[in-house]
Every structure is written in C-alpha cells, then in structure tokens.
Amino acid sequence: MAKNSSRPIGRHFLHIPGPTPLPDRVLRAMDTPVIDHRGPEFAKLAKRCLDGIKTIFKTTNPVIIYTATGTGAWEGALVNTLSPGDRVLIVETGQFALLWKNMAAKYGLVPEGISTDWRIGADPAAIEAKLRDDKNHEIKAVCVLHNETATGCLSPVAEIRKAIDRAKHPALYFVDTISSLASADYRHDEWGVDVTIGGAQKGLMLPPGMSFNAVSDKALAASKTAKLPKSFWAWDEMIAMNKSGFFPYTPATQMLHGLATAIDMLHEEGLENVFVRHNLLAEATRRAVRAWGLEIICRDSKYYSPTVTGVLLPEGHNADAFRNLALERFNISYGTSFGPFVGRYFRIGHLGDTNELMLMGALAATEMTLALAGIPFKKGGVQAAMDYIVSAEKPARAAAE
Ligand code: PLP
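Described in the following lines is the structure provided in the data block. Quick caveat: nothing in here was measured; it's all calculated off a predicted structure. (Residues numbered from 1 in each chain as written. Predicted model: local features only at pLDDT ≥ 70, side-chain atom pairs only at ≥ 80, totals over all residues. Heavy atoms only, no water.)

## Topic: the sheet that holds strand 11 (residues 295-296)
Each strand in a sheet pairs with another by means of backbone hydrogen bonds, the pair being arranged parallel or else antiparallel. In spatial order, the strands read 11-12-14; together these three strands make up an open sheet with antiparallel pairing. The two strands at the open ends of the sheet, each matched to only one other strand, are strand 11 and strand 14 (345-349). The strands touched by helix 10 (residues 271-291) are strand 11, strand 12 (308-312) and strand 14; relative to strand 12, the strand with the most contacts, the crossing angle is about 10 degrees. (Pairing = 2+ DSSP bridges. Helix = DSSP H or I, 4+ residues; strand = E, 2+ residues; numbered from the N terminus. Contact = heavy atoms within 4.5 Å. Axes fitted to C-alpha atoms, helices over the stretch in contact; angles between N-to-C directions.)

## A few points about the pattern of salt bridges
Between side chains of opposite charge, a pair can form as their charged atoms come close. Under the counting rule described, the total for this entry stands at 23 salt bridges. Its salt-bridge partner being D117, residue R299 comes within 2.6 Å of it at the nearest N-O pair. On the criterion of sequence distance, the pair formed by R299 in the loop between strand 11 and strand 12 and D117 in the loop between strand 4 (110-115) and helix 5 (124-133) is long-range, its members being 182 residues apart. Residue D117 is classed as partly exposed on the basis of its relative accessible area of 32%. Between R286 and E283 there is a salt bridge whose closest N-O contact spans 2.9 Å. With a gap of three residues between them, R286 and E283 both fall in helix 10, about one helical turn apart. (Salt bridge = Lys/Arg side-chain N within 4 Å of Asp/Glu carboxyl O. Buried < 20%, exposed > 50% of the residue type's maximum accessible area, 1.4 Å probe, protein only.)

## What to know about the site of the ligand
In the vicinity of the ligand, the contacting residues are T69, G70, T71, W74, F96, L145, N147, T149, D176, I178, Q201 and K202. Interatomic distance of 2.9 Å between a backbone N/O atom of G70 and an oxygen atom of the ligand. Look at the ligand: alone it shows 380 Å² of surface, and the protein chains cover 87% of it. Take the shell around the ligand: its biggest share by element is three residues, from helix 3 (residues 70-81). Counted by class, the shell around the ligand contains four nonpolar, six polar and two charged residues. (Near = heavy atom within 4 Å. Polar contact = N/O pair within 3.5 Å; in protein donor to acceptor, adjacent residues only side chain to side chain. Areas by Shrake-Rupley, 256 points an atom, 1.4 Å probe, with all protein chains shown as cover. Nonpolar A, V, L, I, M, F, W, Y, C, P; charged D, E, K, R; others polar.)

In structure tokens:
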C-alpha cells in the first residue's frame, strides 16, 4: 500500500502460517441464515461434516468436532485419555510443543521433554531410546507435532509409530496436525496414531474456532478409565449424540457450513494434488531464500515443512522491524518468531487456499522489503522461485502432449 494512501488497496497478503486466506466459496457457504441445531436440516449438515472429516484424517473411527481453537483439541486429547500423575513424553520441537507441554503440567500430568535446538523435527530414535529406558511403562503418552508451526519443521509420524513399536512400549501416541492437516500427507489409521489433533484455520481453509480429535480404538478404551476431569471436552457424550447428527451443546453452525464446503473443495482438487501443490510452493520458497543468501530455520532437509518456511535474517537485523515495514509498505503479514531466535527470523506461510501467483506476490514483497530495509541479500530469489515452478511444470506438460 502506498504510504500516502488512506485505504489498503487490493487484498491483504495473509502469509502467516494460519489462519490462512478464506476461499470465497467457503465464505459464501457460511453466508447463510442460521438454522435450528436440533432440526433435521442441521442433522444432515452435521453428518456430512462428521463423515467428510474422516476422509481428511483418513480414519474410519469417529472424529470429534470441537467449537474451540486448536488449543482446545490439545486439551481434549489429554483429559479424555490420561489421569493425574501420568508421565507424558513431548518432543520440544518449538513454541507450540512447549505450550502443549505446559498445558499437560497444568493438568497435573508429568511432562517430560525431549529437547531440540528448534531447527529440526522429532527424531524417532530419540523417542525409542526414551521409551526403552522406561522399563515400568510409566510413560502413558508420546506427543509429537507433525508440523511445528513455529519453526517450519515436519516430523516423520509413521517412523515414530515404528519406533514406539520397536521399543514394545504401550504408550498412547498423540499427533498435532494443526498446521499440516489437508496440506501434507497424513493417515491417522494407517500410521497407528491414537489421537490426532487438528484445527480449522490452516489447511482446512476455515476461520479459527473449530478443532478436532481423531481417535483410535485404543484411545477410546483409555477414555473409559481416564481420571482427569472433563465436561466440555468429553468424547463419550459427543460421540453418542453425533450418531444422530447432533451435539451435546450448540455447535458452530456457520463453521459447519464452511467445513462441508472446504471438504468438497479438497476432494475436488484431490488430496494428493493438494499435497503436491503445497510441496511445490514450499520448495519454490526455499529456493528463493537460498538465492537471497539467507538461511532457512529448518536446518535438515529431511524435516522441511510443506506449509511454512522460517527465514533467518543476518546478525544485527531485526525481523519484527522487517515484518512491520512489509506490512506498512506492501500490506503483507508474515509469521512472527519465537524461542532462541526471537526477533531474528520471520515465517512465510504457504498453505491453505494459496496458489503460485499468491506465493510469487509474497516472495516479491519479501525481496523488495529486504532491499528497502537495507538488509544485505543477493537479488534473484523471486527468479529462482519462478524457475523452479516452471521446471516442475515442464515434465507434466511434456507428458500430456
Ligand atoms: N499447534 C500448532 C502446531 C499450532 O500451529 C497452533 C496454532 O497456530 C496450535 C497448536 C494452537 O492452536 P490455536 O491457536 O488454534 O489454539
């Protein structure tokens, strides 16, 4: 936006790693009169959502839909399955892992962290070693973030399942997919996850305010004896009422209209294509960052995130000042920084209803802001991203001809 403009011109570039830009079709679906949440029309809508969301988590078991942000679904996973004093193992990949760990402590659980330098994902071998040490099986749950939004590191969920099995440990396995669901490949049943936590406002292309627990039979069995207090988060009443298409309390009807449409849109594109698109945008972003001569926060390519890239600025340059300048001058929002590198990096979100040109706009804004801010960098990041997008497209075009 030009400095002397009294209004923002054009659309805001929302490139935080969620909430993500809402597709107009989702907005239109929500722009409808509120219906009776105890009536037959609602039951049809709810069943569409409750069945549809299973196809996104890739599960045949129930998925609980909470009227709450992702934090609520974290809480749902803990309180339904665990008892005071239970030990839980949490891989400290970044800020969001830390918040989940703190929540566990507030509930009287005994969280134990596997620390990292916040530049990698969870290491299956480190989890296996911890579980092998726990001879008496006191650890009741292993908690992992599929995608650590704070750093842009993706963890190998299926490999971690194998590590838990190798250790012959009975702990439940909880995975947070808040910033990876409907953006990165994910298979709740096949990968043997006991509770998957999801959120609406990222890959699902919805506003914030809805979150999910996908559950395994083992998690459901644990919920029968778990002693942590629960009421709003309780699965049993929810699952019982969901069977007829209703909720124990007033659900977020407008969000459910949006969810039904978002699920349709994901399947129209095809989930595999959704994942390919996210990988393409992520790799284009990383190529831009490298061409600028800047460092990616995720330091090991095997953990690269398809949804968010953290960009480290050179020593002596403040990432918050950079973000403020980009917002003021180009009407773009990037994600903020946390932890050991607070103030030193910014995050480019490239997830949800985002296409190549939206990304190119964001990368162009980044390159221009680097120049305006006087940050030392090499030109050519935008070009490198374009070259990559074109090169990725060429084989498919040739095959189609
Ligand atoms: N987990 C992850 C990976 C997140 O990215 C977030 C939020 O961005 C949360 C949990 C917390 O979710 P919410 O802010 O929706 O409560």
